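Given next are the chains, with one letter for each unit.
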Amino acid sequence: MDNTTSTPRRSARRPGLPLAALIGVVAVGLALGVAELLAALGGWFGWWGVSTSPVVSLGSTFISLTPEWLKEFAIRTFGQHDKDALLAGMGITFLLIATIVGVIGRSRPRWAAGILAAGVIAAAIAVLLRPATGIVDVLPTVLGGAAGIAFLVSALRRALNCPLPNATHPGADPAERSTPADGLAGSPRSAITPQSNRRGFVRLIGLGALAAATAGALSRWIPSTEQVTASRAGIVLPTAADLQPAPTVDLKTPGLTPFLTTNADFYRVDTAFAVPRITAQDWRLRVHGMVSHPFEIDFAELTAMTLVQRTITLSCVSNEVGGNLNGTATWVGARMADILGRARPQPGADCVLSTSVDSFTVSTPLAALTDGRDALLAVGMNGDPLPLEHGFPVRMVVPGLFGYVSATKWVVDLEVTTFSAVNAYWTKRGWSANGPIKTESRIDIPRGFAQLKTGPVPIAGVAWAQHRGITAVHVQIDDGSWLPATLSAPFSIDTWRQWVYLWNATPGEHTIRCRATDATGTTQTSAAAPIMPDGATGYDSRVVTVNP
Ligand SMILES: Nc1nc2c(c(=O)[nH]1)N[C@H]1C(S)=C(S)[C@@H](COP(=O)(O)O)O[C@H]1N2
Ligand SMILES: [Mo]
């Protein structure tokens, strides 16, 4: 066969659109599947770092580039499922790009390969933009990309070369079967007939799809957090030298939030698309900025310091009135004051900018870290090393301040500075630089719209005003007077208190409200405020029906 006859035939045998799209989808799937598998395998065996997944890197880069209005829209629309929504959006984008690559490949295979290569480069850059990644960390992405491009090129070459299953084209003509394909003439074994060519082609696509699916599935199956989990399992937390007695204040009322929140039940709020992974062995904290003695400390040195154990309630500024974005745990850690004391802050400094391994930043008043309260660099939570989602191996815990200005998880850097010089992650996005926790209370039972029976009904919930302490909770039925609830025994001013009021319910529809008073004498405000910019206010209420 010579060029004069093969050239027009090639163009006449362009793959149909669906087939071209399929080639593109399998190529992109193969690139992603192989890259994810290599990322997982290498992360497990330690060939490269633990944050090399192109999908996670692209997702994280996308989150950090997303404008605030879009982020808010996503949180408003998808709530706790915002990360799943992003994943679905990414899937659709990958499909779209794959289809475009395949379709362009019908007439311009080189362009198609070029677009795919550009995608691989973009993913490699996203991997490099992740914290603590280096050049070897792009290997999974690059090798996966190479597999995808190789598949794309060979599938398109075959598609352009061979008769296609869907058309009534010359390939159906038996006379052509003996025509050897370009460059293969003279080898009887490998002489490709249109029939065998087509079979080989279908096999190629099938194998490519199978390989993509298998690699993708395997990459999910390999525990991606293996090294970090192993590092966590290997930690024996030293006993804290300075212990609080264990809290024994729980009212143990059915339906009421327990005084201590288990690690499994503890709320989780962060900007991380995938949980940042850092082993205790790799962890290092840099303390620098406006200090006379900058230094670095590793995990062994940190845990060799005098450790304290404190039960502290954490609260999120995004908690709506009546919401449950708060929890109480027993933390073990070194005092922030000891760490900062060693660095010796210089006069004029009023802020500590903390940075996590995934580049999230928090600005905290220096005073809150050194004024004697139990501000901790925590390594333990309820008797265990920090769970991965809660900041393993080290996080900050500061009583009295909302999480976004104090509770940096996976913390690796403390810079002593001034508020005028820095802008942390959420403050940059319009949230208040000052985030003291407000005096709040919520009703756990009865549930909204509950059908109750006439007679005694426990109304119960929790109230919090960390670092001031709760002194009273009052309950109001309809427009009646405020009735004092019974509180759980005080544990510390840094923890919430449970409360119960035994109501003698009378038939009809009733609205129940609660309000807390803190130890400064301030009573929770009835004025409703949104969570932005420094936390919601207003009274929590429940409407219930009492049947005769
Ligand atoms: N690295 C990092 N730390 C973070 C955040 C984050 O997004 N990234 N979110 C903060 C916020 S807003 C809150 S309320 C607390 C929540 O801690 P938790 O997930 O352990 O409950 O973590 C804080 N620390
Ligand atoms: Mo938060």
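Residues numbered from 1 in each chain as written. Chains lettered and ligands numbered in written order. Predicted model: local features only at pLDDT ≥ 70, side-chain atom pairs only at ≥ 80, totals over all residues. Heavy atoms only, no water.

### Some remarks on the site of ligand 1
Basically, it comes down to this: Residues are classed as near a molecule or strand on a simple rule: at least one heavy atom within 4 Å of it. We call two N or O atoms a polar contact when they sit within 3.5 Å, provided that within protein one can donate a hydrogen and the other can accept it, with sequence-adjacent residues counted only if both atoms are side-chain atoms. To measure how exposed things are, a 1.4 Å probe is used in the Shrake-Rupley method; for residues, cover is taken only from the protein chains shown. The residue classification treats Ala, Val, Leu, Ile, Met, Phe, Trp, Tyr, Cys and Pro as nonpolar and Asp, Glu, Lys and Arg as charged. All others, Gly included, are polar.
Every one of the 18 residues lining ligand 1 counts as a neighbour, but Tyr267, Thr271, His390, Arg395 and Lys409 are closest to it. In the environment of ligand 1, an oxygen atom lies 2.8 Å from a nitrogen or oxygen atom belonging to the backbone of Thr271. Between ligand 1 and Lys409 there is a distance of 2.5 Å, counted from an oxygen atom to a side-chain nitrogen or oxygen. Protein contact buries 98% of the 530 Å² of open area that ligand 1 shows by itself. Along the lines of polarity and charge, the residues of the shell around ligand 1 split into eight nonpolar, five polar and five charged.

### A word on the environment of Asn263
Worth spelling out the cut-off: A run of H or I in DSSP becomes a helix once it reaches four residues, and a run of E becomes a strand once it reaches two; helices and strands are each numbered from the N terminus. Residue contacts are counted whenever heavy atoms from the two residues lie within 4.5 Å of one another.
Locating Asn263 in the fold gives a position in the loop between strand 1 (242-243) and strand 2 (284-289). In the structure, Asn263 is positioned 173 residues away from Met90 in sequence and 31 Å away in space, judged by C-alpha atoms. When residues no more than four places from it in sequence are discounted, the contact partners of Asn263 are Met381, Asn382, Asp384, Pro387 and His390.

### Structural notes on the domain arrangement of the chain
Counted only if it meets this: Throughout, the edges of the domains are those of an automatic or database domain assignment. Once two parts are joined, some of their accessible surface, as seen by a 1.4 Å probe, is lost; buried area is that loss totalled over both.
Assigned domains of the chain: these are domain 1 (17-221), domain 2 (284-429) and domain 3 (440-547). Put simply, the middle of domain 2 and the middle of domain 3, counted by C-alpha atoms, are 31 Å apart. When the two sides are added together, the surface that domain 2 and domain 3 hide from each other amounts to roughly 1600 Å², 56% of it contributed by carbon and sulfur. Where domain 2 packs against domain 3, one counts seven residue pairs in polar contact (both at pLDDT 80 or more). Of all the elements in the fold, those that place two or more residues in the side of domain 2 that touches domain 3 are strand 4 (307-315) and strand 5 (326-335). When residues in the side of domain 2 that touches domain 3 are grouped by element, the largest group, five residues, is from strand 4. For the side of domain 2 that touches domain 3, a count of residues per class yields seven nonpolar, 12 polar and four charged.

### So, the layout of surface pockets
The following threshold applies: Space inside and on the surface of the protein is sampled on a 1 Å grid over the protein atoms alone, with a cavity defined as a set of points where a 1.4 Å probe fits but cannot get out and a pocket as an open set with protein on both sides within 12 Å along at least 5 of 7 lines; lining residues have an atom within 4 Å of a point. Grid points are joined across faces, edges and corners, and a volume is the space filled by probe spheres set on the points.
By volume, the second largest pocket amounts to about 640 Å³. Glu36, Ser53, Val55, Val56 and Arg220 are, among the 29 residues lining the second largest pocket, the residues nearest its centre. Secondary structure elements with two or more residues in the lining of the second largest pocket: helix 2 (17-45), helix 3 (54-65), helix 5 (82-107) and helix 8 (194-221). The leading source of residues in the lining of the second largest pocket is helix 2, at eight residues. Here the residues of the lining of the second largest pocket sort into 14 nonpolar, 10 polar and five charged.

### Thoughts on the pattern of salt bridges
The condition is simple: In what follows, salt bridge is the name for a side-chain nitrogen of Lys or Arg lying within 4 Å of a carboxyl oxygen of Asp or Glu. Note on classification: 1.4 Å probe, protein chains only; a residue is buried when its accessible area is under 20% of the maximum for its type, exposed when over 50%, partly exposed between these limits.
One pass over the structure, following the stated rule, counts 12 salt bridges. Ionic pairing is found between Asp242 and Arg335, a salt bridge with its closest N-O pair at 3.9 Å. In this pair, Asp242 sits in strand 1 while Arg335 sits in strand 5, placing the two residues 93 residues apart along the sequence. Note on Asp242: relative accessible area 28%, which makes it partly exposed. The closest approach of N and O atoms between Arg373 and Asp371, which form a salt bridge, is 2.9 Å. On the accessibility criterion, Arg373 (15% relative accessible area) is buried. Here the salt bridges share partners, and the residues they tie into one network are Asp242, Arg310, Arg335 and Asp374.

### Some words on empty space enclosed by the protein
To find leftover empty space, one rolls a probe the size of a water molecule over the atoms. Within the structure shown, the criterion is met by three cavities of 30 Å³ or more. The computed volume of the second largest cavity comes to approximately 130 Å³. Lining the second largest cavity are 16 residues, with Asn319, Glu320, Glu440, Trp464 and Ala536 positioned closest to its centre. Classifying every residue of the lining of the second largest cavity by side-chain character gives seven nonpolar, six polar and three charged. No fewer than three residues from each of domain 2 (284-429) and domain 3 (440-547) sit in the lining of the second largest cavity.

### Re the sheet that holds strand 12 (residues 440-445)
The following threshold applies: Two strands are said to pair when DSSP picks up at least two bridges between them.
One open sheet accounts for four strands, arranged 12-14-18-17; its pairing is antiparallel. Across the chains shown, the open sheet's two edge strands, defined by having one partner strand only, are strand 12 and strand 17 (486-487). Pairing of strand 12 with strand 14 (residues 455-464) involves five bridges; the strand directions are antiparallel. By the bridge assignment, Arg442 is partnered in strand 14 with Val462.

### What about a nonpolar patch on the surface?
Keep this limit in mind: Only residues whose relative accessible area exceeds 30% and that take part in no salt bridge are eligible for patches, with like-charged residues grouped when within 9 Å of each other and nonpolar side chains (Val, Leu, Ile, Met, Phe, Trp, Tyr) grouped when within 5 Å.
A cluster of nonpolar residues, Leu128, Ile135, Val136, Leu139 and Leu143, forms a patch on the protein surface that exposes about 430 Å² of accessible area. Checked against the element boundaries, Leu139 lands in helix 7 (residues 139-161).

### A look at unusual backbone geometry
With an omega of 5 degrees, the peptide bond running from Phe392 to Pro393 counts as cis. A cis amide bond, omega 5 degrees, links Met532 with the succeeding residue Pro533. On the secondary structure map, Pro533 appears in the loop between strand 19 (508-518) and strand 20 (540-547). Phi angles above zero are rare outside glycine, and Lys252 is one such case at about 50 degrees. Along the polypeptide, Lys252 turns up in the loop between strand 1 and strand 2. Under the relative-accessibility criterion, Lys252 is labelled exposed at 70%. The phi torsion at Asn382 lies on the positive side, around 50 degrees, for a residue other than glycine. With respect to the helices, strands and loops of the structure, Asn382 is situated in the loop between strand 8 (376-381) and strand 9 (384-385). Asn382 sits in the partly exposed class, given a relative accessible area of 24%.

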